[in-house]
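# Observations on chain architecture
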Amino acid sequence: MRKTAADPKGVLEGSHFLDGDHAIAEGALAAGCRFFAGYPITPSTETAERFAERCPGVGGMFIQMEDEIASIAALVGGAWGGQKVMTVTSGPGLSLMMENLGLAVMTETPMVIADVQRAGPSTGLPTLPAQQDMMQIRWGSHGDYRIIALCPDSPQECFDLTVEAFNLSETYRVPVFIMTDETVGHMHEKVVIPPAEDIEVVERNYYEGPKADYRPYKFTGKDVAPMVKAGDGYRFHLTGLTHDERGYPHLTVEQNEKVVTHLIEKIDSNADKIIQLDESEMDGAEVVVVSYGITSRIVSRAVQLAREEGIKTGSMRLITIWPFAEKRIEELAGKVKAIVVPEINYGQMVREVERSAAGRCKVVSVPHCGGAVHDPEVILDAIKEASK
Amino acid sequence: MSIEVNIDKFRADSPMTDFLRMERMPHIWCPGCGIGTVVNSFAEAVKKSGMDMDKLAVISGIGCTGRVAGYVNFDSIHTTHGRAIPVATGLKLANPDMKVVVVSGDGDLTGIGGNHFIHAARRNMDIMVICVNNFTYGMTGGQLTPTTPQTANASTTPYGNYEYPFSLPFLADACGATYVARWTSLHARNITKSIREALNHKGFSFIEVIAPCTTLYQRRNRLGDGLDALEYYKEEAGVEKDVDTREVGIDFQGDIAMGRFVKQDKPTYEEAVNERYANVLGDDYQLYGMSKPEREEKAKREAEDRAKMQALMDDEEAQMMAEDMGVDEEGL
């Protein structure tokens, strides 16, 4: 992977007062994204609007497609056309994207999808926060696959993690999700955009070699084949069908095993490199609160209150949601009395925590139906109960 | 009776070796199917056009015609069902030097993909869409599509179709397509010529090819084999000049109006984007780093190339007429 400084053209260097949605658009531009296809949906639309406003000035292309199905489909074409590509959406739109998420996964097409979560099911509470799509991105498209998902808890992190999302997406040729929510999306805070030379960008790894020898895939389970772009004479072929290294359909059980194992292993075998966690006050903790996104900010208050009451409480924030930090949770579960998992859903990531803890400690879910963040007192009560 | 086929010899000898992925032959299509004719005509059109084949991408959806992308020797993507057009749109806008061609079926393009079809036409997106219309979903076993004529039998209308079908040239025209033509798979030379014209057209071009599905549509409706379908086309298909696209609907085994129904110049999506941004932002606007003089130079070069190509096609036509090679006088 070739790491370089960002193209200064896309970098709006300086201190800004931005909401999370706008910060995502700036992160994308800084990362070198020059193609955006999207469809309006609350509470994500501001990212598309920002990109639409900014992209002519940086020489990018924005298109409002007819729906979210078309938006993500256009990203597949756009990526192989030679651009870094992204879209943004929320729950109902995300559901529509599941079909071509599969195509992107299968064709190992890099792209970034920001999901500004709102409360469901269905139209639900369109203008209010939730964290209810955590499992949809992991399992929502049919078949077995892996994606990467990052979860910012502030506008600053919306910027930083969007750059990171593009870098991961190029490194592993995989769709990468930014899992934010209405509150982070619409929260205005200070966002510092560093100078271009301080932003590390992973450039696409383009194949350089004899044209006849080009293979768009290799099924090593460790790394990915270099890409080419349309028009360069490689005559590549991509298909959603089970395929061989040339990309031609190869419809056998044996080949499917090769392909699917690779799609899974290229992420799982690199999980330690990918996963980022933010841990605090873990030394001697009896109870650890595991949270992500906006909920982490409520958790910091709850942890403070718990410590004031003398409960040794630590906090682990999942910056990387997928792949899941199962090794770290497993390790932790052997040391602590309980893990408390508040999230704005009726218990999604808590299942991963339970699976990883495998009975070595108590795991307590603190659910929320969506539409608001937790009251810190509710989390505090759960910590107190868990510490008994 | 069995026919011995030397597949290696066939691959080596085919005049289409440079245009098709011969290593993938034999293809999956049934005897008598019309898709192969369209692929052949397409390859022939590309060959005759003399265009840079590296700058051509073919995108297909799902279904029998959806397999076309896999057999042509160009940059190609076999997408999901109905999504060839948005994938093509993304490729084209990300890499405006490409000529992007969608080849797919009636069900794929106008059923599940109908929304994408109408919006790409509305935007005058600079892509070509070739629809092989066999009035049925072949790959899944002969179900009703949006183009199946009334009374025709499909596996999901076993008592005959009672739905109103789309007339695709009318649909494309109404939505804003700037090149619209229809032929049948009997009219291979006309298809080739139409594809050449569309390759040379800037904007959303749509070519419908009525083609037989022998295994399902023909058999289920007791219409005989592929040859019988071609007989039907010979009898009932005729070139219509200056016809209103509202009048070209197809009844079950009825008349088929053919020809080039629409050809007009209108700014494409990309041209409209460039013009709008350049008006507002002036010289600061540089799509993918291309300055205004560079864009103008490129547009000029492309316009010259198109004019040259048109002149070449006109010459060829005149020569054929002169030599009385039986070119369809009513043709394009």
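Everything numeric in this text was worked out from a predicted model, so none of it was measured. (Residues numbered from 1 in each chain as written. Chains lettered and ligands numbered in written order. Predicted model: local features only at pLDDT ≥ 70, side-chain atom pairs only at ≥ 80, totals over all residues.)

Here the focus is the overall build of chain A. Helix and strand counts for chain A stand at 13 helices and 18 strands. For 388 residues, the compact-globule estimate of 2.2 N^0.38 gives 21 Å, and the C-alpha radius of gyration of chain A, at 21 Å, lies within 12% of that figure. Taking the principal axes of the C-alpha coordinates as reference, chain A spans close to 70 × 50 × 40 Å. Residue burial in chain A is summarised as follows: out of 388 residues, 58% are buried. Contacts spanning at least 24 positions in sequence make up 77% of the contacts within chain A whose residues lie at least 6 apart. (Helix = DSSP H or I, 4+ residues; strand = E, 2+ residues; numbered from the N terminus. Rg over C-alpha atoms; globule rule 2.2 N^0.38 Å. Buried ≥ 20, exposed ≤ 12 C-beta atoms within 10 Å, placed from the backbone. Contact = placed C-beta atoms within 7 Å.)

Ranked by internal contacts, the top residues of the largest apolar core, which has 213 residues, are I339 of chain A together with I59, V102 and I130 of chain B. Here this core gets 9 residues from one element, more than from any other, and that element is helix α3 (residues 68–80) of chain A. Once you skip the residues sitting within four places of it in the chain, V102 of chain B turns out to touch I59, A84, I85, A88, I127, M128, V129 and I130 of chain B. (Core = buried A, V, L, I, M, F, W, Y, C linked by C-beta atoms within 7 Å.)

This brings us to the interface of chain A and chain B. Taken together, the contact pairs 40 residues of chain A with 36 residues of chain B. Mapped onto the side of chain A that touches chain B, the elements with two or more residues apiece are β3 (33–38), α2 (45–58), β4 (61–64), α3, α4 (91–106) and β12 (237–239) of chain A. If you tally residues by element for the side of chain A that touches chain B, the top one is α3 of chain A, at 9 residues. Relative to strand β2 (residues 75–78) of chain B, β12 of chain A is paired through 3 bridges, and the arrangement is parallel. Bridge pairing in β2 of chain B links H237 of chain A to S76 of chain B. (Pairing = 2+ DSSP bridges.)

Attention shifts here to the domain arrangement of chain B. Residues and elements named next belong to chain B. As assigned here, chain B comprises domain 1 (7–265) and domain 2 (270–322). Inter-centroid distance (C-alpha atoms) of domain 1 to domain 2 is 27 Å. At the interface, 6 residues of domain 1 touch 5 residues of domain 2. (Domains from an automatic or database assignment.)

In this structure, the amide linkage connecting W322 of chain A to the following residue, P323 of chain A, adopts the cis form with an omega of 0°. Tracing the chain through its elements places P323 of chain A in the loop between β16 (320–322) and α11 (326–333). That bond from M25 of chain B to P26 of chain B is cis: its omega, 5°, falls within 30 degrees of zero. In this fold, P26 of chain B is placed in the loop between α1 (7–13) and α2 (35–49). A positive phi angle is found at R173 of chain A, which is not glycine, with a value near 45°. By secondary structure assignment, the location of R173 of chain A is in the loop between α6 (155–172) and β9 (175–181). A positive phi angle, close to 55°, is found at E281 of chain A, a residue other than glycine. Along the chain, E281 of chain A falls in the loop between β13 (277–280) and β14 (287–291). Residue classification places E281 of chain A among the partly exposed positions, given that 18 C-beta atoms sit within 10 Å.

Right, let's talk about the domain arrangement of chain A for a bit. All names here are of chain A. Split by domain assignment, chain A resolves into domain 1 (2–203) and domain 2 (277–387). Taken together, the contact between domain 1 and domain 2 spans 22 residues of the former and 22 residues of the latter. Its residues placed into classes, the side of domain 1 that touches domain 2 shows 14 nonpolar, 4 polar and 4 charged. (Nonpolar A, V, L, I, M, F, W, Y, C, P; charged D, E, K, R; others polar.)

Residue and element names in this part refer to chain A. For helix α12 (residues 349–357), the set of buried residues is M349, V350, E352, V353, S356 and A357. Along the axis of α12, the buried positions cluster into a sector of 155°, meaning they face one direction only. Elements that come into contact with the buried residues of α12 comprise α5 (134–139), β14, α11, β17 (338–342) and β18 (362–366). Downstream of α12 by one or two residues, A358 has phi in the positive range, about 45°. (Arc of directions from axis to C-beta.)

On to the sheet that holds strand β7 (residues 179–184) of chain B, then. Spatial strand order, β12(A)-β2(B)-β1(B)-β3(B)-β4(B)-β8(B)-β7(B)-β10(B)-β9(B): 9 strands in an open sheet with mixed pairing. The open sheet is flanked by β12 of chain A together with β9 (237–239) of chain B, the only strands paired with a single partner. Going from strand to strand, the sheet's axes swing by 15° on average, the running direction of each strand aside. Where strand β1 (residues 56–60) of chain B and strand β3 (residues 99–105) of chain B come together, 4 bridges link them in parallel fashion. Bridging across to β3 of chain B, V58 of chain B finds its partner in V101 of chain B. (Axes fitted to C-alpha atoms, helices over the stretch in contact; angles between N-to-C directions.)

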